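Examination of the molecular architecture
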Amino acid sequence: MGNLTLFQIQQEYLELMQLIEEKEGVLDEIDMAALMINEEELVEKSVNYIGVIRFCESEIKRAKEAKEQIDTFIKRKQAVIDRLSQNLLTTVKLVGPYEAGFHKIATRKSEEVIIEKPELIAEEFLNKKEVITVDKTKIKKAIKDGKEVKGAFINEKQNLAIK
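As the structure is a computational prediction, the values presented were derived from the model and not from experiment.

The rules behind each value
Residues numbered from 1 in each chain as written. Predicted model: local features only at pLDDT ≥ 70, side-chain atom pairs only at ≥ 80, totals over all residues. Heavy atoms only, no water. Helix = DSSP H or I, 4+ residues; strand = E, 2+ residues; numbered from the N terminus. Rg over C-alpha atoms; globule rule 2.2 N^0.38 Å. Buried < 20%, exposed > 50% of the residue type's maximum accessible area, 1.4 Å probe, protein only. Contact = heavy atoms within 4.5 Å. Areas by Shrake-Rupley, 256 points an atom, 1.4 Å probe, with all protein chains shown as cover. Lys, Arg positive; Asp, Glu negative; His and termini not counted. Charge placed at Lys NZ, Arg CZ, Asp CG, Glu CD. Salt bridge = Lys/Arg side-chain N within 4 Å of Asp/Glu carboxyl O. Polar contact = N/O pair within 3.5 Å; in protein donor to acceptor, adjacent residues only side chain to side chain.

The secondary structure content of the protein amounts to 3 helices and 2 strands. Each helix and strand of the protein, placed in order from N terminus to C terminus, yields the pattern α-α-β-β-α. Scaling as 2.2 N^0.38, a compact globule of 163 residues should have a C-alpha radius of gyration of about 15 Å, whereas the protein reaches 34 Å, well beyond that. Out of the 163 residues belonging to the protein, those deemed buried represent 9%. For the protein, the share of sequence-separated contacts (at least 6 apart) that also reach a separation of at least 24 residues comes to 40%. Roughly 15800 Å² of accessible area belongs to the protein as shown, and the carbon and sulfur atoms make up 56% of that amount. When the 27 basic and 30 acidic side-chain charges of the protein are each reduced to a single mean position, those positions are 15 Å apart.

Printed below as a string of structure tokens:
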């Protein structure tokens, strides 16, 4: 039998089950041996699959933790930049432009539009975005309560459970 894929094991299993049905459950030694080998390979392959799944799950978990650490790092560094920049701005506003080493520290003008009351802004200055989403939770509840929801139904699935 050798190194079979999970798909090949599934196919063999289906063939064996069909053979067992045809023989009305009466198995000879060859059929029993094939069934046992098939079960052993199925268990071995499944254990290998589960190992890979668990490994990938742990890598994802570690990556998410690393991402959180990076996000925290970035926020802290940005806070330092903001605080030090504000201190320099306050100083240059107080004493005027100056040089520090190879750097010239001064202010420059910029403009920012402040919207105090968005509801007063004329239509011509508005960008409209319409976002419509489907509330699957409400639909599921309605269907379970016996209501017909056109264009939707509940699909019962079987998810893998590894314990």
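We now examine the environment of N155. Mapping N155 onto the fold places it in the segment after α3 (136-144). N155 sits in the exposed class, given a relative accessible area of 53%. With 147 residues separating them in the primary sequence, N155 and Q8 have C-alpha atoms 29 Å apart.

Bringing the pattern of salt bridges into the picture now. Close approach of charged atoms lets side chains of opposite charge pair. Applying the stated rule across the entire model yields 4 salt bridges. Here E57 makes a salt bridge to R54, at a shortest N to O gap of 3.3 Å. Taken together, the positions of E57 and R54, both in helix α2 (residues 29-95) and 3 residues apart, correspond to about one turn of that helix. Relative accessible area serves as the criterion here: at 42%, E57 is assigned to the partly exposed category. The partner of E123 in a salt bridge is K128, and the shortest N-O contact between them spans 2.6 Å. Of the residues examined, K128 reaches a relative accessible area of 66% and is grouped as exposed.

Mapping G96 onto the fold places it in the loop between α2 and β1 (98-100). Sequence-wise, G96 and A106 are 10 residues apart; in three dimensions their C-alpha atoms are separated by 7.0 Å.

In this section: α3. The backbone nitrogen of T137 has a side-chain oxygen 3.2 Å away, supplied by the residue at the start of α3, namely D135. Positive backbone phi, at 95°, marks G146, one or two positions downstream of α3.

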